[in-house]
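Architecture and fold: a report
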Amino acid sequence: MLRHLFKLIWNKKGTHSLLIIEIWASFMVLFGVLSLIAYNVNNYLDPIGFEYQSVWNLDLSHNQDTVEVAAKIQRILQRVKSYPEVQSVSRMSSNTPFSANQMNNSVAYNKISVLTDQYRSDENMSTTLNLPIIAGRWYKKEDMVSKSVPIVINSRFKEKMFGNENPLGKLIKKDDKTFFKVIGVIDKFKAKGEFMTDAPAMFEMISSDNDWDSNILIKVKPGTDADFEAKLVKDVAVMLPGWGIEVSYLNESRENRHKLTLVPVIIFLIISGFLLTNVALGLFGILNLSIARRRGEIGLRRAMGATEGKVAIQFLGEIWVLAAFSMIIGLVFAIQFPIMNVFDIASGIYITAIIAASIIIFLIVTLCAWYPSRQASRIHPAVALHEE
Amino acid sequence: MLLNYIKIAWKVLLRHPFYTFITLFGISLTLTVLMVLTSFLDHLFGPHYPENNRSRSLYIANVLQTDSAQSSMSSGPASFNFLKKYAKSLKTPEKVTVMSNFSFSNTYINGKKIKLNTKYTDTEFWEVTNFDFLEGKPYTIQNINNGDHVAVITDALRKQYFDDGSQPVVGKSIEVENIKYRIIGVIKGSPVTRIYTYGDIYFPYTAPKSNYENKGMRGSYIAIVLAKSQSDMAAIQSEFDSGIARIPNAEISDGRQFTKLVVKAENYFDHFVNTFARNDSQRFLFYAVIVFVILMFMGLPAINLINVNVSRILERASEIGVRKAFGAPSKALLWQFIVENIFITFIGGMFALILSFLIIYLINTSGWIAYADLTINFTVFFVSVFVCLVFGLLSGVLPAFRMSKLKIVDALKA
């Protein structure tokens, strides 16, 4: 039966060529969007590595004021620490969690070069964001000596740069005069949200004369409200007239980041919805036409004793073979992705996407072919043969 | 005769309700999406509140600094000084306005935090745009010269800050980052998709923290140039270009090693496209992709529906045979089927129109884009009617042609 069906479809490959191309295109787009979804879900299940609830980001801009900027920022840090509602305060570079800013660079040690996200912060960062230390400790003011800048790295960085060696105490070249010294290791820091892949990251200590980094992360007691926020902004504005002062909440920024991840997924889902609708339309058209043309053949089969079920299965089978044709062509393209690990994504994600896409295509194709096939099976042999 | 064809078409449609439904579904879906898309594009690019003069406006929104080897590049909005020197000095236009890109801040009242999008503008801003003043008036040149702390707010902000949208608020004050601004006017808000005029609160550029004093070429300001009429726009562009060409090299390097400066005054659509496509070949690719996508979007459903149409016509082979035997020319039969197909396409189009109205109403009221004002105006409507026609022809011509060429003998035999 299968060979017979294959022969039927092969003979008519010309007329069905549009439908074959459409099913192939739908398969490829479905594969793409399902890979994206699988990738995002996979990342989401990986913990974010820090706590963002009740953490505020105080973003200062010095605007036209260039006098003693570093000292002014230090005074603000002291003032913010003094409030009873504040649990922990930490200064940070502009690539704060969930922001649109990103700073990365290649860092090299022993001929291994790793592209690393670089963050700058002070000695309170691990408390403010609750970053669990898995080796060594977080840096302190005393660690900042003349030629070495203390850094803390994450596990990914450690794996890529040091493998199984102990990274604590190692010196990495920063520039001609200074070195980075590894003081501690943390687990994960997915600064752009759960949907980010865990990438190598390092935290550099901010020196006391730094007048560039002007973001302050504030961990407040839960339940602190907008009244305190208004008071904070007012006090800072009195201390720093002319400076831009903006307070945002990390959990709101996180939701904005999530929306950004969602947009390409939605666009691709719409495109695949469009293609699948066209596949459905095309299937209905083709089946309707071929059944209308083959009434004699159907009538003959029924007169010779074929049951309704067998006739329906024949037409369904033809359509399945058609879909299988397209999907084999699609698989030839799709299988390249897990084999070559395109975009450095794990093969498991691609394989999941391929299986899911095949199942969806088969389901849709079966659904669309069901009604016309049942119609074909109900053709009365006497009526069909009478017309000839 | 036309009426007869339509009557026949109607009866034929009722014969197989399932396939009629499929055809109508396919047509309506495609046309609905096309109509909503057209409305959206019109919303983004057409002249609407508050930029009703888009057809005679030029936008100077991006400065590109690079060196001849293209080894380093920096691009972004210009500084207030740059635009004052090279845009405000133009002689041909009717008016030139310089304003900042919107920035973020917050205001606090009664234990509530209100997020703000802030904008700094000059006085010409209110003359180039068509903002509706519900209360008060815009700031004047005196306010700018004195550096007054005044502000114009939107009606939504008035409702949020003063809790009562009906009382007049001109003369009251609003506090942002510990500075009190006297409210001088209230405008009807505009959608965020008009990014260059959108904001919650507008200050004169001499108000604090506007950074208009910045030297150098780059900052966060953009300019809109209003021409006296559309025919002037080319002249303005060449005046602007020649002004830029005269900038000395010392100024172009802007403290770094830049040797090339690219900045243009363009109409809104060109400016939008140029954010994606930097040079001519990229622009060509961009347009080619768009045309391909539109063709694909209309063509694919049309082609898929061809088979449904063919089978519908196939059933009536005997009717065709009889008509041909009685001497009907092929052209008359072709005409009949095309009319039938356009008839069914227009039925689908009517459903699509109703659906589009519904979807646009939902988008406008859902608050997904605040102040959204999508409409189905005449342009959108006529484009949609045209699209329906093209669609009907695409899916109808081929089957009609095939059937009208049928031999009488074959038709009557079946």
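Refer to the structure above for everything that follows.
Residues numbered from 1 in each chain as written. Chains lettered and ligands numbered in written order. Predicted model: local features only at pLDDT ≥ 70, side-chain atom pairs only at ≥ 80, totals over all residues.

Contact residues are listed per partner, giving 28 residues for chain B and 27 residues for chain A. The element best represented in the side of chain B that touches chain A is helix H10 (residues 280-314) of chain B, accounting for eleven residues. Residue classes in the side of chain B that touches chain A are distributed as 14 nonpolar, nine polar and five charged. (Contact = placed C-beta atoms within 7 Å. Helix = DSSP H or I, 4+ residues; strand = E, 2+ residues; numbered from the N terminus. Nonpolar A, V, L, I, M, F, W, Y, C, P; charged D, E, K, R; others polar.)

We now examine the environment of Tyr 19 of chain B. Among the secondary structure elements, Tyr 19 of chain B is positioned in helix H2 (residues 17-45). When the C-alpha positions of Tyr 19 of chain B and Arg 312 of chain B are compared, they lie 8.8 Å apart, and in sequence the two are 293 residues distant. The residues contacting Tyr 19 of chain B, other than those within four sequence positions of it, are Asn 288 of chain A together with Val 308 and Arg 312 of chain B.

All names here are of chain B. Judged by how many residues are buried, strand S4 (residues 95-100) sits mostly within the fold: five of six residues are covered. By the bridge criterion, six bridges tie S4 to strand S12 (residues 221-226) in an arrangement that is antiparallel. Across the sheet, the residue bridging to Val 98 is Ala 223, located in S12. (Buried ≥ 20, exposed ≤ 12 C-beta atoms within 10 Å, placed from the backbone. Pairing = 2+ DSSP bridges.)

What follows deals with the packing of helix H2 (residues 17-45) of chain A against helix H7 (residues 250-293) of chain A. Helix packing geometry: the angle between the two helix axes and the distance between the axes. All names here are of chain A. Two elements in contact, H2 and H7, have axes separated by 9 Å at closest approach and are oriented at 155°. Classed by the angle they form, the pair H2 and H7 counts as roughly antiparallel. Crossing hand, H2 versus H7: left-handed. A class-by-class count of the residues in the contact of H2 with H7 yields 19 nonpolar, seven polar and one charged. (Axes fitted to C-alpha atoms, helices over the stretch in contact; angles between N-to-C directions. Parallel < 35°, antiparallel > 145°, perpendicular 65-115°, else oblique. Left-handed = near helix turned anticlockwise from the far one by under 90°.)

This next bit is on unusual backbone geometry. Here the residue pair Tyr 49 of chain B and Pro 50 of chain B is connected by a cis peptide bond, since its omega of -5° sits within 30 degrees of zero. Here Pro 50 of chain B shows up in the loop between H2 and strand S1 (57-60). Its identity as a non-glycine residue notwithstanding, Phe 98 of chain A has a phi of 65°, on the positive side. Here Phe 98 of chain A lies in the loop between strand S2 (86-92) and strand S3 (104-109). Positioned with a positive phi, Asn 110 of chain A is a non-glycine residue whose angle comes to about 50°. Within the fold, Asn 110 of chain A resides in the loop between S3 and strand S4 (112-121).

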